[in-house]
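A closer look at the structure
What follows is each chain in one-letter form.
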Amino acid sequence: MKRIFLFIVTNLAVVLVLGIVANLLGVNRFLTSNGLNLGALLGFALIMGFGGAIISLLMSKWIAKMSSGVKVIEQPANADEAWIVDTVRKLADKAGIGMPEVGIFEGDPNAFATGAFRDSALVAVSTGLLQNMTHQEIEAVLAHEVAHIANGDMVTMTLIQGVMNTFVVFISRVVGYAVDSFLRKNDEENTGPGMGYYITTIVMDILLGFVAAIIVAWFSRQREFRADASAAQLMGRKQPMINALARLGGVHTAELPKSMAAMGIAGGIGQLFSTHPPIEERIAALQNSAER
């Protein structure tokens, strides 16, 4: 609940800062003279930016189960399922979080954690991961996902995404009004936004959306390094996590749905947009920390 409270406070702080900056730069007077209310725009940016992000966070477990076909282990059907549930319970207790739901989904090696709250999250692993790794390596992967939960990464990434969304919505519409005002400065029948506004807003949404995605991906990559280090602490040593990453680097890993990619154990390609650092960098980071 503390993180949710901080999430709300941060949302309001972002809107407040945008309002203050807009007034200091004279944007408020410009918008008002062109028929746009700054307060209404800030409210719209808040709802569109943070509203969508928080709804996605609250629905994340349900979305994950539906999109990945996760089968939650209510009652272990065999020794392997019993071991997975028991391992997650031990790791959760050590990390100081509530017992997450544990699930399995069909696919190539991968795993993810999701959920809005630390004490009611979900950890899921793929059948491919279970078939291609040793118990020690699987435990390291589970420790990585539990670390994501304990570190509050789901809320943090949602907060960052919400901040980016708010700036994108606000800036694109301010620029849209500026362009539209310039194009229609001699239009005596200017009664509202014209095509210049709508076209500019769409283009700016796309361009700024790419910039926002790059920033969010960068934060996600930093969270992966931290989750690897936290997993090593939960395991008591770094080698199992290093072995698990090396194994993942040698097999084809499943691509998770976009809403869960940031919390998976393995990411996609494309350095700027990748939610995960290269496996080699993650291994090197763990090895270097082991040497200190």
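Note that the structure is predicted; figures quoted are calculated from it, not measured.

This part takes up the sheet that holds strand 4 (residues 122–126). The 4 strands are arranged 1-2-4-3 in an open sheet whose pairing can be described as mixed. Looking at which strands have only one partner, the edges of the open sheet turn out to be strand 1 (71–72) and strand 3 (111–114). Note: strand 1 against strand 2 (residues 101–105), 2 bridges, orientation antiparallel. Residue pairing across strands places valine 72 opposite glycine 103, the latter belonging to strand 2. Each of strand 1, strand 2, strand 3 and strand 4 touches helix 4 (residues 60–68); the most contacted strand, strand 3, lies at about 150° to it.

Between helix 3 (residues 38–58) and helix 8 (residues 153–183), the least distance of the axes is 8 Å, while the angle of their chain directions is 150°. Classified by the interaxial angle, the pair formed by helix 3 and helix 8 is roughly antiparallel. The two elements helix 3 and helix 8 cross, and the hand of that crossing is right-handed. Across the interface between the two elements, Leu38, Leu41, Leu42, Phe44, Ala45, Leu46, Met48, Gly49, Phe50, Ala53, Ile54 and Leu57 from helix 3 touch Met154, Val155, Thr158, Leu159, Gly162, Val163, Asn165, Thr166, Val169, Phe170, Arg173 and Val174 from helix 8.

With that out of the way, let us pick up the pairing of strand 3. The side-chain alternation of strand 3 yields two buried faces, one formed by Ala111 and Ala113 and the other by Phe112 and Thr114. Strand direction decides the pairing type here: strand 3 and strand 4, joined by 4 bridges, are antiparallel. Each bridged residue has a counterpart across the sheet, and for threonine 114 the counterpart in strand 4 is leucine 122.

What counts and what doesn't
- Residues numbered from 1 in each chain as written.
- Predicted model: local features only at pLDDT ≥ 70, side-chain atom pairs only at ≥ 80, totals over all residues.
- Heavy atoms only, no water.
- Pairing = 2+ DSSP bridges.
- Helix = DSSP H or I, 4+ residues; strand = E, 2+ residues; numbered from the N terminus.
- Contact = heavy atoms within 4.5 Å.
- Axes fitted to C-alpha atoms, helices over the stretch in contact; angles between N-to-C directions.
- Parallel < 35°, antiparallel > 145°, perpendicular 65-115°, else oblique.
- Left-handed = near helix turned anticlockwise from the far one by under 90°.
- Buried < 20%, exposed > 50% of the residue type's maximum accessible area, 1.4 Å probe, protein only.

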